[in-house]
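Understanding the architecture of this molecule
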Amino acid sequence: MSTMSPKLRRFLFGLVGVVLALSIIGSYWFQQVKRASYPQIDGTITLTGLDGPVDVYRDANGVPHIYASTEHDLFMAQGFIHAQDRFWQMDFQRHTSAGRLSELLGGNTVDTDIFLRTLGWERVARQELAAIDDETLSTLQAYADGVNAYLAQTSGTDISLEYLFLNLLNAGYEPQPWEPLNTLTWAKAMAWDLRDNMDTEIDRALLLALLTSEQVAELYPPYPEDRPYIVNDLTGFATGTFTPAPAPDAALAAQLAPALQAAQTQARALDSILGSILDESVGSNSWAVAGSRTASGAALLANDPHLTANIPHIWYQVGLHCRPKGPDCGLDMVGFSFPGVPSIIIGHNDRIAWGFTNVGPDVMDLFIEKLNPENPYQYEFEGEWREMDVVTESIVVAGGETIDLEVRLTHHGPLIQDLYGLDTFSEDAGIDLPENYGLALSWTALQPNRTWNAVFGFAHAQNFEEFRAAARDFAVPSQNLLYADVDGNIGYQMPGLIPLRGGGADGRMPVPGWTGEFEWEGFIPFEQLPWVYNPPEGYIVTANNAVVDEAAYGIQIADTWSYGSRAQRILDLILNAPGPIDVAFFQQMQGDTYYLNAETLMPVLAAVPLENDELTALRDSVLGGWDYRFEQDSPGAALFAAFWKHLLRETYVDNLPEDWFPGGSDRWSTAVSNMLDDESNFWWDDAGTPERETRDDIFNRAFAAAVAELKDVQGNDPTGWTWGGLHGITFRHQVMNNFPLINSVFNEGPFPTSGGSDMVNNTNWNTGNDHYGVSGSSPSFRMIVDLGNLNNSWFIQPTGQSGHAGHPHYIDLAPLWAQVEFLPLHWDLTTIQDESEGHLQLVP
């Protein structure tokens, strides 16, 4: 939302007036308005449509545990409770994913709606809804009925404080009833948030316009041979002959660069509104160990997905318990749900536990379509003109006119050339490009799928066979599914629609769509997707690292992976545990801040002759005894972080496109490591000077710049330098953060924290920024499940359960999260009742 429309400007002026009025009236009225939206947590509420009474116990952390006699009632109650705590978030999310933000926020979001309607997330969700089975539909409908029961009893600012300020922009707005379609559509937003290849494809093409293919390859090095894979035994999985694709055509990349840059701008604008930050250090950790390695003899499972730190938070913890559990009501589970979605996404039931990390496969391709110059609704395929499907989308703008958008669809996907503003190509682009053309996006998320069936299947699964059966439906976004059960078993399954491409295409560059040569020929069969059950080593580690050695597997899954830094550190900790592993050791692992990149670079930095005695003394005193850990009170972490930022800038910025800065992920640390022994490598030279710089020259410059920066920011005394003084996290509201003054009511922070990029405690920061604060992903929750004693399971999440600003559970967990402390993941009914702060009964 970078361009301020007149409507928005008037809104901001009005907003300032409201804030001034509030200061005149006094805070009492404002506090009363805030409190009016807080949920009722005691007493009795009637919900028409329930089969029987439902008990909701909220524990001391605001986590509701719902007890009912039917699954219908569990999901209806969950919809009601979600709406009590998070309806604004749900309302915003459904407008965003459907491309209907302008209905909510006005004309300033029209471009985003055009982008989303062109992609057609809601169109695909409607197809899924039409094909859904009765059982899944009844689950979605029961949930929607619960949300709507809340809306029938609540309106205006009693729903949430945000509607007070929304009324200035969109007077008279009233939320529409919740529909199953809203839930299905939100899955597309999550798939977008966890995408990978399209952005890498665009970046690589833009780089090829300036650099040689060899130089670009050095910036995107192969996965290190000494880093771990998730699945090591590939017996029975060989499915083809893996042949690395030839280098992309530089001339084609140069011609496509303007169009791709425009595409990237649109994608990042959507990321801004969704609150997502696509960064190479975005990821997640999960690992499981078998009883052969634990103190109790039972399996342990840990998971901490790394997502953007928004408020309200993306997750909502909940317990869903059938009383009694039986054939007609088979759920008994606790874990983390998405507001707007029934069931839980990650957690455990009474038999199994499961966790997710992102696979990051290449599932997005751009096809160049040859258009008929005499008929804009036809495109060529294999020598014949084909008719496009044409859809007219009506974009309703609050306070404005309705906009009709014409969307053209080829069999590859939506045509996005009007959106991305393609220019003409020259004949030297490497392929015979037509004068009239456009770009179409193929993406697995734009194909109807049954991913929510998988989510509901995990909740019911009682063993690995049932878990894998549910995973068959998990189409997108492909996740590393980690498993453990009460019988001591551990397992892993990679699901998802992974394209098999024709013509030797590897997804790194747009390809001609009219020849038929590069079509998707299907998907890797589920039976051939990597999985493992009870591996002999007694552990499974997933941290966005490579799933398999693709040369041995025979098929490309991803163009790039996370380069295995976190996976290697987790593996090192497991293999070097001081004794049998227990929950306390898992907690230490989730808070681990050891930085493998420092282990690689420090010996070189320590040996480089620095330019003066002061710098040498500072290096030796601050970094000489440093343990490579990024703890809050560490001067060494602060100095090394500054050195790493300046090393990347001094090394690379002179050869990158304007305003590009290295992000500092383990792709960059791998690239630097690969050339450390080549002291005269091309990248060490500064293109802006007549001299030929070497590695040691650049290390000198970077260290001097780092010292100067820390002196300026934290003072001349290095004993006062701390990582926590530089590295904090602020939780920002996705909408209200954009508005001056009022954002202070909704935003929270900063909270100093430990960790950093590509550490197990992955509080990601970006070396391209002018600050060291958490700016990308971070652990969106930490969960540890003891399968030998479910009452000995633990969690922490970054903000709080409530989505209501000012509520006691709005931000109460943040200090604990920042210090990597844990709370019990309550399971036992007696304990929940004893520690509950509220007992609400929902009755028919």
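Throughout this description, residue numbers start from 1 for each chain and increase along the sequence as written. With pLDDT at 70 or above as the cut-off, local features in this predicted model cover only qualifying residues; side-chain atom pairs require 80 or more to be listed or tallied, and sums for whole chains, interfaces and linings still use all residues. As a convention, hydrogens and water are excluded, and side-chain values are obtained from all of the structure's heavy atoms.

Brief notes about the overall build of the protein
Of regular secondary structure, the protein possesses 26 helices and 30 strands. Taking all 844 residues of the protein together, the buried fraction comes to 63%. Here a residue-residue contact requires only that any non-hydrogen atoms of the pair lie within 4.5 Å. Long-range pairs, those at least 24 residues apart, make up 73% of the contacts in the protein between residues at least 6 apart in sequence. Working definition of accessibility: Shrake-Rupley area with a 1.4 Å probe, residue cover restricted to the visible protein chains. Of the roughly 30,000 Å² that the protein leaves accessible, carbon and sulfur atoms contribute 49%. Put simply, DSSP H or I for four residues or longer makes a helix, DSSP E for two residues or longer makes a strand, and each gets a number counted from the N terminus. Here the term buried applies to any residue with accessible area under 20% of the maximum for its type, exposed to any over 50%, and partly exposed to those in between, with areas from a 1.4 Å probe on protein chains only.

Description of the packing of helix 3 (residues 71–97) against helix 8 (residues 162–169)
All axes here are fitted lines through C-alpha atoms, helices being fitted over the stretch that makes contact, and every angle between N-to-C directions spans 0 to 180 degrees. In contact at an axis separation of 11 Å, helix 3 and helix 8 are set at 35° when each is read in the N-to-C sense. Of the residues in helix 8, those in contact with Phe-87, Trp-88 and Asp-91 of helix 3 are Glu-162, Tyr-163 and Leu-166. Put simply, Ala, Val, Leu, Ile, Met, Phe, Trp, Tyr, Cys and Pro go in the nonpolar bin, Asp, Glu, Lys and Arg in the charged bin, and everything else, Gly too, in the polar bin. By residue class, the composition of the contact of helix 3 with helix 8 is four nonpolar, no polar and two charged.

Regarding the packing of aromatic side chains
Geometry of aromatic contacts follows a simple scheme: Phe, Tyr and Trp rings, the Trp one being its six-membered ring, pair when their centres are within 6.5 Å, and the pair is stacked under 30 degrees between planes, edge-to-face over 60, tilted otherwise. In this structure the tally under the stated criterion is 46 aromatic pairs. With a centroid separation of 3.8 Å and an interplanar angle of 5°, the aromatic rings of Phe-336 and Phe-781 are classed as stacked. With Phe-336 in strand 7 (residues 332–337) and Phe-781 in the loop between strand 26 (777–779) and strand 27 (782–786), the pair connects residues that are 445 residues apart, well separated along the chain. Note on accessibility: Phe-336 and Phe-781 belong to one class, buried. To sit over a ring, a charge needs its Lys NZ or Arg CZ within 6 Å of the ring centre and within 35 degrees of the ring normal. For Arg-204, the ring lying beneath its charged end belongs to Tyr-220, and the centroid distance is 4.6 Å. Taking NZ or CZ as reference, Arg-468 lies 3.9 Å from the ring centre of Trp-531, over its face.

Some remarks on a negative patch on the surface
A cluster of acidic residues, Glu-214, Glu-218, Asp-677 and Asp-678, forms a negative patch on the protein surface. Locating Asp-678 in the fold gives a position in the loop between helix 22 (666–674) and helix 23 (695–714). Exposure above 30% relative accessible area and the absence of a salt bridge qualify a residue for a patch, where like charges join within 9 Å and nonpolar side chains (Val, Leu, Ile, Met, Phe, Trp, Tyr) within 5 Å. Should a side-chain nitrogen of Lys or Arg be within 4 Å of a carboxyl oxygen of Asp or Glu, the pair is scored as a salt bridge. Counted as positive: Lys and Arg. Counted as negative: Asp and Glu, with His and the chain ends omitted from the count. Every charge is mapped onto a representative atom, which is NZ of Lys, CZ of Arg, CG of Asp or CD of Glu.

Regarding the sheet that holds strand 22 (residues 531–533)
Taken in spatial order, the 11 strands make up an open sheet running 1-30-2-3-6-7-8-9-17-18-22, and their pairing is mixed. Edge strands, defined here as strands with exactly one partner in the open sheet, are strand 1 (43–46) and strand 22. Going across the sheet, the axis of each strand differs from the next one's by a mean of 15°, ignoring polarity. Two strands form a pair only when DSSP identifies at least two bridges running between them. Note: strand 2 (residues 54–59) against strand 3 (residues 64–68), four bridges, orientation antiparallel. From the neighbouring strand, Asp-55 faces strand 3, where its bridge partner is Tyr-67. In the packing of helix 3 onto the sheet, contacts are made with strand 1, strand 2, strand 3, strand 6 (316–322), strand 7 and strand 30 (836–843), and the angle to strand 6 comes to roughly 160°.

Points about the state of the cysteines
Note on terminology: disulfide denotes any pair of cysteine sulfur atoms within 2.5 Å. Evaluation of the coordinates by the stated rule reveals one disulfide. One disulfide bridge connects Cys-322 with Cys-329, the sulfur atoms lying 2.0 Å from each other. Taking the torsion about the S-S bond as the criterion, the Cys-322 to Cys-329 disulfide, at about -80°, is left-handed. The class for Cys-322 is buried, based on a relative accessible area of 0%.

A word on the environment of Glu-393
You can see Glu-393 is positioned in strand 13 (residues 389–395). Residue classification places Glu-393 among the buried positions, given a relative accessible area of 11%. Counting along the chain gives 279 residues from Glu-393 to Ile-114, while the straight-line C-alpha distance between them is 8.9 Å. Not counting chain neighbours up to four residues away, the residues in contact with Glu-393 comprise Arg-117, Arg-123, Ile-403, Asp-404, Leu-405 and Val-407.

Structural notes on the packing of helix 7 (residues 134–153) against helix 9 (residues 180–193)
Helix 9 packs onto helix 7 with a crossing angle of 110° between their chain directions and a minimal axis gap of 8 Å. With respect to each other, helix 7 and helix 9 are oriented roughly perpendicular. For the pair helix 7 and helix 9, contact is made by Leu-137, Leu-140, Gln-141, Tyr-143 and Ala-144 and by Pro-180, Thr-183 and Leu-184, respectively. Within the contact of helix 7 with helix 9, the residues separate by chemical class into six nonpolar, two polar and no charged. Should an angle lie under 35 degrees it is considered roughly parallel, over 145 roughly antiparallel, and from 65 to 115 roughly perpendicular; all remaining angles are considered oblique.

Quick look at the sheet that holds strand 13
Pairing in this open sheet of three strands is antiparallel, and the strands run 13-14-15 from one edge to the other. Each having just a single partner strand, strand 13 and strand 15 (413–414) make up the two edges of the open sheet. Pairing between strand 13 and strand 14 (residues 403–410): seven bridges, direction antiparallel. From the neighbouring strand, Val-390 faces strand 14, where its bridge partner is Arg-408. Across the sheet, helix 5 (residues 110–119) touches strand 13, strand 14 and strand 15, and the angle it forms with strand 14 is around 35°.

Some details on the pattern of salt bridges
Close approach of charged atoms allows side chains of opposite charge to pair. One pass over the full model with this rule turns up 31 salt bridges. A salt bridge links Glu-527 to Arg-472; the shortest N-O distance between them is 2.9 Å. Here the residue Glu-527 occupies a position in the loop between strand 21 (520–523) and strand 22, and Arg-472 occupies one in the loop between helix 15 (464–471) and strand 17 (479–485), the gap between them amounting to 55 residues. The class for Arg-472 is partly exposed, based on a relative accessible area of 47%. Arg-695 is the partner of Asp-696 in a salt bridge, and the nearest nitrogen-oxygen pair spans 3.1 Å. Judged by relative accessible area, which is 10%, Arg-695 ranks as buried.

Concerning the confidence of the model for the protein
This prediction gives the protein a mean pLDDT of 91; 89% of its residues lie at or above 70. A residue's pLDDT is the predictor's confidence in that residue, given on a scale from 0 to 100. In the predicted structure, residues 418–431 sits below a pLDDT of 50 and forms 34 contacts with residues beyond four places in sequence or in another chain.

Some thoughts on helix 18 (residues 583–590)
Within helix 18, the full set of buried residues consists of Val-583, Phe-585, Phe-586, Met-589 and Gln-590. Along the axis of helix 18, the buried residues cluster in a sector spanning 155°; they form a single face. Turning to helix 18, the residues buried within the fold contact strand 4 (284–289), strand 5 (300–308), helix 17 (565–575), strand 27 and strand 28 (794–796). Working note: the arc is built from the helix axis to C-beta atom directions.

Some thoughts on the environment of Arg-323
The topology assignment puts Arg-323 in the loop between strand 6 and strand 7. Assessed through its relative accessible area of 35%, Arg-323 is described here as partly exposed. The spatial distance from the C-alpha of Arg-323 to the C-alpha of Ile-66 is 9.8 Å, given a sequence separation of 257 residues. Not counting residues within four places of it along the chain, the set of residues in contact with Arg-323 comprises Tyr-67, Ala-68, Ser-69, Asp-332 and Leu-829.

Some words on the environment of Thr-799
Its location among the elements puts Thr-799 in the loop between strand 28 and helix 25 (814–818). The spatial distance from the C-alpha of Thr-799 to the C-alpha of His-809 is 8.0 Å, given a sequence separation of 10 residues. Those residues in contact with Thr-799, other than ones at most four positions away along the chain, are Asn-310, Ile-311, His-313, Phe-731, Tyr-810, Ile-811, Asp-812, Leu-813 and Ala-814.

Notes on the side chain of Asn-285
Relative to the helices and strands, Asn-285 is located in strand 4. Its relative accessible area of 0% is what places Asn-285 among the buried residues. Contacts described as polar in this section are N or O atom pairs within 3.5 Å, which, within protein, must combine one atom able to donate a hydrogen with one able to accept it, while residues neighboring in sequence count only if both atoms come from side chains. Here the side chain of Asn-285 touches Val-760 through a polar contact of 2.8 Å, landing on its backbone oxygen.

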